[in-house]
Amino acid sequence: MSHIYERVALIGLGLIAGSMGLAMRRAGLVGEIVGTARTAETRDVAVGLGLCDRVTETNAEAVQGADLVVLCVPVGVMGAIAAEIAPHLAPGCTVTDVGSVKRAVIEAVGPHLPEGVHFIPAHPLAGTEHSGPNSGFADLFRNRWSLLVPQEGTDEAAVARLRALWEGMGANVDVMDADHHDLVLAVTSHTPHLIAYTMVGVADDLRRVTDSEVIKYSAAGFRDFTRIAASDPTMWRDVFLTNREATLEILGRFTEELFALQRAIRKGDGDHLFDYFTRTRAIRRSIIEAGQDTDAPDFGRSGDRTKT
Ligand code: NAP
């Protein structure tokens with residue numbers, strides 16, 4: 001099989017880049033994989049684990065001669081890195097990213113890229129609460145969605161090529177508008193993370209229940225909050241700073257619903273609570289029917305490593 005890209009540059013070598021490196025290599029999708037990261041330690045681990053074929057010390061060196069460049073760093077630093085690599089990009093190459101927010105990345109990265117370079121933002125909806133080069137695994141993207149967010153006028157062949165890469169790594173691919181992406185993700189990922197952070201913070205602050213009681217008696221619901229709230233602080237700080245409007249909109253709606261439920265509890269309105277919980281149960285059922293989560297008790301904890 002011929003390669004989809006001959007040389008891929010991974011900028012950042014954490015969970016997502018590492019998983020991409022392993023998945024691309026396993027499926028024989030690309031020729032050479034060159035990687036780079038901020039610290040020498042991460043670069044050494046990445047080579048040791050075979051996440052890439054070779055590493056470079058600088059971002060500029062990594063992109064030289066690459067026909068695909070993937071920005072796999074926190075959203076807040078993508079603009080600066082784009083400015084740094086722009087003069088070194090090969091003519092006709094594709095630059096993509098895996099950032100969790102799309103409008104802000106387009107605005108930060110797009111203006112730096114020269115004519116003739118295809119810029120196709122992307123976001124794999126797959127991850128875990130672990131980060132760093134040791135956390136990657138080749139199956140991360142299997143049966144997960146990867147969203148491509150091409151701008152108007154982007155070369156269709158370049159988009160098809162990137163789609164083929166994601167499909168080759170096991171992902172399902174959809175194309176989406178940037179603003180709609182940011183709103184959807186505010187609902188499905190960003191606001192839920194904020195709620196998890198809050199709940200874990202509340203438990204930590206509540207002096208009448210000790211930390212050891214929280215840990216010892218943590219029920220399944222709370223344990224899931226703690227798992228989500230263990231996610232990388234840099235990544236999530238950047239997500240909220242860059243997807244501010246959509247997150248605030250959804251948070252506003254969340255607060256209204258929370259107040260309605262609070263009122264139902266105070267008034268003893270069991271019908272309201274029952275109807276509400278019946279509706280939410282149906283949503284859970286449709287997620288399982290769509291194959292996006294497991295129906296195993298306790299989320300099949302022993303087998304399933306992925307979360308959305
Ligand atoms: P990660 O495991 O924390 O890895 C981040 C990588 O970026 C590391 O190699 C780090 O290098 C490098 N880096 C950090 N700051 C940098 C800087 N200022 N300059 C250069 N390199 C820098 O992160 P990740 O989970 O793979 O996330 C990467 C991107 O994917 C983020 O934009 C995130 O929004 C997106 N994403 C994440 C998930 C998820 O669940 N984790 C899911 C989908 C998309 P060092 O190790 O040397 O510091």
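Caption draft 1: Examining the layout of surface pockets more closely. Reported here for the second largest pocket is a volume of approximately 200 Å³. Elements represented by at least two residues in the lining of the second largest pocket include exactly helix 5 (103–109), helix 7 (178–205), helix 10 (233–242) and helix 11 (244–267). With 4 residues, the top contributor of residues to the lining of the second largest pocket is helix 11. Looking at the lining of the second largest pocket, its residues break down into 4 nonpolar, 2 polar and 6 charged.

Caption draft 2: Summary view of the environment of glutamate 167. Residue placement: glutamate 167 occurs in helix 6 (residues 156–168). Counting along the chain gives 26 residues from glutamate 167 to phenylalanine 141, while the straight-line C-alpha distance between them is 9.1 Å.

Caption draft 3: Examining unusual backbone geometry more closely. The backbone phi angle of asparagine 143 is positive, close to 60 degrees, even though this residue is not glycine. Along the chain, the position of asparagine 143 falls in the loop between strand 7 (122–124) and strand 8 (145–148).

Caption draft 4: Summary view of the domain arrangement of the protein chain. Per the domain assignment, the segments making up the protein chain are domain 1 (5–176) and domain 2 (180–307). Summarising the inter-unit geometry, the C-alpha centres of domain 1 and domain 2 are found 29 Å apart. Across the contact, 24 residues belong to domain 1 and 21 residues belong to domain 2. At the surface where domain 1 touches domain 2, the tally comes to 1 salt bridge. A salt bridge links arginine 227 to glutamate 129, with the nearest nitrogen and oxygen atoms 3.8 Å apart. Linking domain 1 with domain 2 are 6 residue pairs in polar contact (both at pLDDT 80 or more), by the criterion used here. Listed by contribution, the elements that provide at least two residues to the side of domain 1 that touches domain 2 are helix 5 and strand 8.

Criteria and cut-off values
Residues numbered from 1 in each chain as written. Predicted model: local features only at pLDDT ≥ 70, side-chain atom pairs only at ≥ 80, totals over all residues. Heavy atoms only, no water. 1 Å grid on protein atoms, 1.4 Å probe; cavity = no way out; pocket = protein on both sides within 12 Å on 5 of 7 lines; lining within 4 Å. Points joined across faces, edges and corners; volume = space filled by probe spheres on them. Helix = DSSP H or I, 4+ residues; strand = E, 2+ residues; numbered from the N terminus. Nonpolar A, V, L, I, M, F, W, Y, C, P; charged D, E, K, R; others polar. Domains from an automatic or database assignment. Contact = heavy atoms within 4.5 Å. Salt bridge = Lys/Arg side-chain N within 4 Å of Asp/Glu carboxyl O. Polar contact = N/O pair within 3.5 Å; in protein donor to acceptor, adjacent residues only side chain to side chain.

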